[in-house]
Protein chains: 2
Amino acid sequence: MLETEIHRPVETFFHSRFFRGISADELQPLANICKRKQVPAGTCLVRQHSPASQVYSVISGALMLERSSRNGKRQVIGFSFPGDLIGITSNQEFEYSVIALKESHLQVFPHREFLDIIDNNSNFKSRVRVTGCNILAHTLDQLFALGQKKAHERLCFLLQQISLRQPGSNPDVIDLIMNRQDIADYLGLTIETVSRAFTKLKNSNIIHIESAHKVRVIDRLILEELASAH
Amino acid sequence: MLETEIHRPVETFFHSRFFRGISADELQPLANICKRKQVPAGTCLVRQHSPASQVYSVISGALMLERSSRNGKRQVIGFSFPGDLIGITSNQEFEYSVIALKESHLQVFPHREFLDIIDNNSNFKSRVRVTGCNILAHTLDQLFALGQKKAHERLCFLLQQISLRQPGSNPDVIDLIMNRQDIADYLGLTIETVSRAFTKLKNSNIIHIESAHKVRVIDRLILEELASAH
DNA sequence: CGCACGATTGACGGAGCTCAAGCCGCGTGG
DNA sequence: CCACGCGGCTTGAGCTCCGTCAATCGTGCG
């Protein structure tokens, strides 16, 4: 894991959707406090209950947010893709661990300074609020899925999520960066049930499984119908 | 449902924990835009997908937040008690419906003006952020319960939640303001399973059921152990 | 007192969990 | 280049917990 100072033009590093359309002048204060970090696949970027002293912006790669309990149970909270922010919280501690699923590049900001700069710029301010609301909205969707849906419907929910949020232009080819255990812990199921749900969707001609980690959407309408929370 | 202007001293209405310790001078701008609302038990205060144009502060009573899908499934998101804020979002629409479980009194603020005032006062600003984070933290706890816990453990989670958040000084006597269907939809179970979970906890001498809506905690340590997400 | 509705209990079936075996893709080494 | 082994995924068999359906209980209210 290496952290380096930025010595290049500001705009180069702020391609995240969070910063889109904000002028270089406004970005400069953030650039001044920004470092970069590169983490290999499998590393733990943030440990649950550690002090929330950094804010991260994902530049490339993919990460997983998770919570674990003492008795070994784990709930995967979500996945972070390029453009996502991690660690915008007002609590003292991180609510979850963050683990890199692939090698990932991130921007790192000191938490306190980040919020100070955000607070003094109304463009940023509203974006941070929207980001927070989006996170909550996603968590509520997931809650609905876990509380009210069957195994194969939950899987549709996950596929839909990834399909819409993964980088790249073709949402019909889904790149499953996580393994089956991660999916199971995200959906509140076991790996066996996840596997059976995959074959069920395959046999219903809703998806085509090109490999264990690559899925093609055949019938998007039905996928959405099964995934939807409304 | 009646809405009235405030003509009494400011402090009278701002006893919510959200406003605690903030001076009358600072509260005045909020008082100026504040109306009151009283809703009888069973009323729908906010309808899912309606424009998020109000912020509410609960003065007395109890409310339930829920999401419904077209096919009739419902997920209860949480419960609001005196001192809670409802509707702090940056989205255009409410993410959920809000229904009064008892007759409830609320303060009502226009959304836009509320946020403007909040943004110009650093005391408020940090409190709003903390409130948002607490809501997310609670939702994550619930997510963990639905994903990883068995029926009777989920029930312990709910009892623990209410016990800690309900008004009144004695956390060992739990007032179940909601009915069994509400509990079931909160925990992702059916009413029958909820009922069986109650008798299971009763037979294990963890709780005593005084009536269908009043429960006494016998063994708080075990209750916490079963409820905990860590 | 009797009705009505909500809560509880019982019997049964099924979705998903557990345990175990088999399969597949991939990397390593002969 | 192929044999082998390993780890992750899939499939199968049996069991368990929870959902479903139905009957009963209990409490509050007209």
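Reading the values: rules and limits
- Residues numbered from 1 in each chain as written.
- Chains lettered and ligands numbered in written order.
- Predicted model: local features only at pLDDT ≥ 70, side-chain atom pairs only at ≥ 80, totals over all residues.
- Heavy atoms only, no water.
- Near = heavy atom within 4 Å.
- Polar contact = N/O pair within 3.5 Å; in protein donor to acceptor, adjacent residues only side chain to side chain.
- Helix = DSSP H or I, 4+ residues; strand = E, 2+ residues; numbered from the N terminus.
- Nonpolar A, V, L, I, M, F, W, Y, C, P; charged D, E, K, R; others polar.
- Pairing = 2+ DSSP bridges.
- Axes fitted to C-alpha atoms, helices over the stretch in contact; angles between N-to-C directions.

- As annotated in an unreviewed UniProt entry, chain A carries the name Crp/Fnr family transcriptional regulator and is attributed to Pseudomaricurvus hydrocarbonicus.

### A word on the protein's contact with DNA strand C
So, step 1. Around DNA strand C lies a shell of 15 residues, among which Ala 151 and Thr 193 of chain A together with Arg 180, Ser 195 and Thr 199 of chain B are the nearest.
So, step 2. Per the 4 Å cut-off to the protein, sugar and phosphate atoms form 69% of the nearby atoms of DNA strand C.
So, step 3. Thr 193 of chain A places a polar side-chain atom, nitrogen or oxygen, 2.3 Å from a phosphate oxygen of DNA strand C.
So, step 4. Looking at the surface near DNA strand C, the elements with two or more residues in it are α6 (191–203) of chain A together with α6 (191–203) of chain B.
So, step 5. Broken down by class, the residue content of the surface near DNA strand C amounts to 2 nonpolar, 7 polar and 6 charged.

### Here's the deal with the protein's contact with DNA strand D
So, step 1. Near DNA strand D lie 16 residues; those nearest to it are Arg 180, Ser 195 and Thr 199 of chain A together with Ala 151 and Thr 193 of chain B.
So, step 2. Counted by atom, the contact set of DNA strand D within 4 Å of the protein is 70% sugar and phosphate.
So, step 3. The separation between a phosphate oxygen of DNA strand D and a polar main-chain atom of Ala 151 of chain B is 2.9 Å.
So, step 4. One of the side-chain N or O atoms of Glu 192 of chain B is found 3.1 Å from a base nitrogen in DNA strand D.
So, step 5. Contributing elements (two or more residues each) for the surface near DNA strand D: α6 of chain A together with α6 of chain B.

### Some details on the sheet that holds strand β12 (residues 214–217) of chain A
Residues and elements named next belong to chain A.
So, step 1. An order of β10-β12-β11 is seen for the 3 strands of this open sheet, with the pairing classed as antiparallel. The sheet is open, and its two edges are formed by β10 (173–175) and β11 (207–211), each paired on a single side. The sheet shows a mean angle of 25° between the axes of neighbouring strands, taken without regard to direction.
So, step 2. Relative to β12, β11 runs antiparallel, the two sharing 4 bridges. Residue pairing in the sheet places His 208 in a bridge with Arg 216 of β12.

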